[in-house]
Amino acid sequence: MRLHEYQAKQVFADAGIPTPASQLAETVDEAVDAAEEIGYPVAIKAQVHVGGRGKAGGIKLVESREEAREAAEDIIGMDLKGYHVSKVLVEEAVDFVNELYVGVTMDRGEGRPVAMVSTKGGVNIEEVAEEDPDAIAREHIDPAFGMHPFQARKVVYEAGVDREVANDVASVLTTLYQLWDDRDGADTEINPLMITGDDEVIAADAVMNIDGDALFRQPEIAEMGEEAAEGDELEQKADEYGFDYVRLDGNVGIIGNGAGLVMTTLDLVDYYGGEPANFLDVGGGAKADRIANALDMVFSDDNVDSVVFNIFGGITRGDEVANGINQALEQFDEIPKPVTVRLAGTNAEEGMEILNEDLVTVEHTLEDAVQRAVEYAKEVEA
Amino acid sequence: MSVLVDEDTRVVVQGITGGEGKFHTEQMLEYGTNVVAGAVPGRGGQEVAGVPVYDTVQQAAREEDANAAVVFVPPAFAGDACFEALDARGIDLVVAITEGIPTQDMARVYRKLQETDTHLVGPNCPGVITPGVAKLGILPGNIFSSGNVGLVSRSGTLTYQVVDNLTNRGIGQSTAIGIGGDPIIGTDFIGALEQFEADPDTHAVVMCGEIGGEDEEEAARYIGEHMDTPVAGFIAGRTAPPGKRMGHAGAIVSGSGTGTAESKINALENNGVPVGDTPEEVADHVEDLL
């Protein structure tokens, strides 16, 4: 779960990491008032989860009241790579001489957290990682002990940070690790961490991704996350229902249990000449209501011409799935889109008996079910 | 023969009094698994499905000679449950079924694991099964059949699909291991492949991977360098668009070339592993390898 920049900055500032003076604004007037109060130059920054906001026109530097109004009018309400901008952060523009990257994340290959510092800040760090991996100094942290102060100093010196600010940068990194640890961070990053002419360090951006599985013990962050939720109507609906859902460009709707099997179903739709409209994983042990919600979701996508259900029950039971499908379909006078079902595994036979074959097409193998669903989709298109 | 699980495996179920714990304990018993104890704090002295419950895993291991633990404990407490099993003397294998354990908790468990000789399978996995002998976890026993093909997979339901394709054409399995799709897991592909390579009764192995991470690429190198037992592969997520997360924490394509289905398939094929386009085709490859 990702926080907005203004939220992450608040968390960082509360922990003692220096951040620029800033105010959140939701209207043009609020933005202009904030700019006047902070004093020019200020940056006006769209608060959406989009990388490369600056290039896309979502961040503007302004020097006067007129420019501030113009920029706020441009940015508030704009559509940034598919995301609607409803909030901007109005922020003091920091006069800097250097930009660093500082981050903490989980290295899944090593199974341990890793702290990273680079003097190539202010640019896309993924590109740096790929083109010049040596430009990022890394230090793995033993999660049993946490980050020792010497480790923070070590990685800062290895990165080649100027001696005058090395201690302050190490202190920011130590705080950042502590936040990552305390708040169940997935990635926490400052890019750029600006160094001013007076050797001050200031976090000019803030990224905080939190482990969604740990939100039960991070109530304050969970509340911020609700505010940060965005995406199109279907994605928000998926969040409400608690599904792993990804919208794609095709017309065959796909519902299954377990990420690997659902991905395999997508791949087979493609293999048999169709195009997947979505990825929807109902998860393990889904009951009838959840199955009905999944159908509701996929039916509400206008691009979908045909739906395939692929359930291989382990912890999930075929009879529950069949009841859910019947329950969802019986409310229609006419089924909106043809539904093909393949049930296997736990209680699959019971499920097959329960399924109402007036409402769905039943197939016995994965291959047959996918081919049938692709045929239906083609018939609709034709 | 088999790996990890055999007729001497004596299981303690952590969280046996919960809904899933109880249901799957019954399923495991029905399959023939030697479930000898449950462990739930504060429930010592009770019985579930005829199985005695202890307050701690250590008591269960001591009183009932348990040597394996299966974790059905809810996510908030599952990290601690894994620690408890790793700490208990006599427990050689821990199978963690629980989905949604916070990653930082698992990082600490993983750290502890490095200090022990215990095998941890999972978390967020379907478990381990030696067909006809025992199953530890939630796998549907009826689709498996006993034989000489080992199987290792990051995805539970994909395991079932591939096993179904194998069983339907008369190819039995020695052991199937669902290693789980979380970012931090105990036994990984290489750990499972090492076990199969050392087992004289496993004549071929199926490895099911998916997009995200680089575990499949590393496993491919391991196969090329260290394995005599032939391996067939399957990779899910060929059609996944870059940058989107597909359920499993690992199943994201960075868009930078590594972690994609293509890079994994190439790595496997370059190391002599035939990769099926469909689960059915994987079974074709296995038939050819045997």
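Everything numeric in this text was worked out from a predicted model, so none of it was measured. (Residues numbered from 1 in each chain as written. Chains lettered and ligands numbered in written order. Predicted model: local features only at pLDDT ≥ 70, side-chain atom pairs only at ≥ 80, totals over all residues. Heavy atoms only, no water.)

Residues and elements named next belong to chain A. Across the sheet, which stays open at both edges, the 4 strands sit in the order β1-β6-β2-β3 with antiparallel pairing between neighbours. The outermost strands of the open sheet, each flanked by one partner alone, are β1 (22–25) and β3 (59–62). Pairwise comparison of adjacent strand axes, ignoring direction, gives a mean angle of 20° for this sheet. Those strands touched by helix α1 (residues 5–14) are β1, β2 (42–46) and β6 (88–92), and its axis lies near 50° from that of β6. (Pairing = 2+ DSSP bridges. Helix = DSSP H or I, 4+ residues; strand = E, 2+ residues; numbered from the N terminus. Axes fitted to C-alpha atoms, helices over the stretch in contact; angles between N-to-C directions. Contact = heavy atoms within 4.5 Å.)

Let us look at the packing of aromatic side chains. Following the criterion strictly, the structure yields 5 aromatic pairs over all chains and no others. Judged by centre distance (5.1 Å) and plane angle (85°), the rings of Tyr271 of chain A and Tyr272 of chain A are edge-to-face. By relative accessible area, which is 41% here, Tyr271 of chain A ends up partly exposed. Seen from the ring of Phe23 of chain B, Arg317 of chain A lies directly overhead, with NZ or CZ sitting 4.0 Å from the centre. (Phe/Tyr/Trp six-rings, centres within 6.5 Å; stacked < 30°, edge-to-face > 60°. Buried < 20%, exposed > 50% of the residue type's maximum accessible area, 1.4 Å probe, protein only. Lys NZ or Arg CZ within 6 Å of the ring centre and 35° of its normal.)

The domains assigned to chain A are domain 1 (21–92), domain 2 (96–226) and domain 3 (233–381). The straight-line distance from the C-alpha centre of domain 2 of chain A to that of domain 3 of chain A is 42 Å. (Domains from an automatic or database assignment.)

What follows is about the UniProt feature "binding site: Mg(2+)" (unreviewed entry) in chain A. Residues and elements named next belong to chain A. When the UniProt feature table is mapped onto this chain numbering, "binding site: Mg(2+)" (unreviewed entry) sits at Asn191 and Asp205. Position of Asn191 among the secondary structure elements: in strand β10 (residues 185–196). The class for Asn191 is buried, based on a relative accessible area of 17%. Here Asn191 is in contact with Leu100, Tyr101, Gly121, Gly122, Val123, Ile125 and Asp205, once residues within four sequence places are set aside. Within the local environment of Asn191, its side chain forms a polar contact with the backbone nitrogen of Gly122, the two atoms lying 2.7 Å apart. Looking at Asp205, the relative accessible area reads 14%, which means it is buried. With near-sequence residues (within four places) excluded, Asp205 lies in contact with Glu5, Lys9, Arg53, Glu189, Ile190, Asn191 and Pro192. (UniProt positions renumbered as here; feature names shortened; annotations may be inferred. Polar contact = N/O pair within 3.5 Å; in protein donor to acceptor, adjacent residues only side chain to side chain.)

Residues and elements named next belong to chain B. Read across the open sheet, the 6 strands follow the order β9-β8-β11-β10-β12-β13; overall the sheet is mixed. Looking along the sheet, the strands with just one partner apiece sit at the ends: β9 (134–137) and β13 (231–236). Geometrically, the sheet is characterised by an average inter-axis angle of 15° between neighbouring strands, direction not taken into account. Here strand β12 (residues 204–210) pairs with β13 via 6 bridges, running parallel.

Attention now goes to the interface of chain B and chain A. The interface is formed by 52 residues belonging to chain B together with 44 residues belonging to chain A. Both faces considered, chain B and chain A share a buried interface measuring about 3,900 Å² in area, 58% of it formed by carbon and sulfur atoms. Of all residues in chain B, the largest losses of buried area upon contact with chain A belong to Gln104, Thr239 and Met246 of chain B, amounting jointly to 16% of the total for that side. There are 3 salt bridges connecting chain B and chain A. With a shortest N-O distance of 2.8 Å, Arg108 of chain B and Asp181 of chain A are connected by a salt bridge. The tally of links from chain B across to chain A stands at 12 residue pairs in polar contact (both at pLDDT 80 or more). For the side of chain B that touches chain A, the leading source of residues is helix α4 (residues 103–113) of chain B, giving 7 residues. (Buried area = accessible area lost by both parts, 1.4 Å probe. Salt bridge = Lys/Arg side-chain N within 4 Å of Asp/Glu carboxyl O.)

This brings us to the UniProt feature "binding site: CoA" (unreviewed entry) in chain B. Residue and element names in this part refer to chain B. According to UniProt, the "binding site: CoA" (unreviewed entry) feature falls on Thr17, Gly18, Gly19, Glu20, Ile97, Thr98 and Glu99. With respect to the helices and strands, the residue Gly19 is situated in helix α1 (residues 19–31). Since its relative accessible area comes to 64%, Gly19 is described here as exposed. The residue Ile97 is located in the loop between β6 (93–96) and α4 in this model. Classification of Ile97 by relative accessible area gives buried; the value is 8%. For Ile97, the residues in contact, after removing those within four places along its chain, are Val70, Val71, Phe72, Asn124, Cys125, Pro126, Gly127, Gly137 and Ile138.

Residues and elements named next belong to chain B. The assigned domain composition of chain B is domain 1 (1–124) and domain 2 (140–289). One C-alpha centre belongs to domain 1, the other to domain 2; they are set 25 Å apart. Facing 16 residues of domain 1, the contacting portion of domain 2 comprises 21 residues. At the boundary of domain 1 with domain 2, total buried surface from both sides reaches about 1,500 Å², with 57% on carbon and sulfur atoms. Put simply, domain 1 and domain 2 have 0 salt bridges between them.

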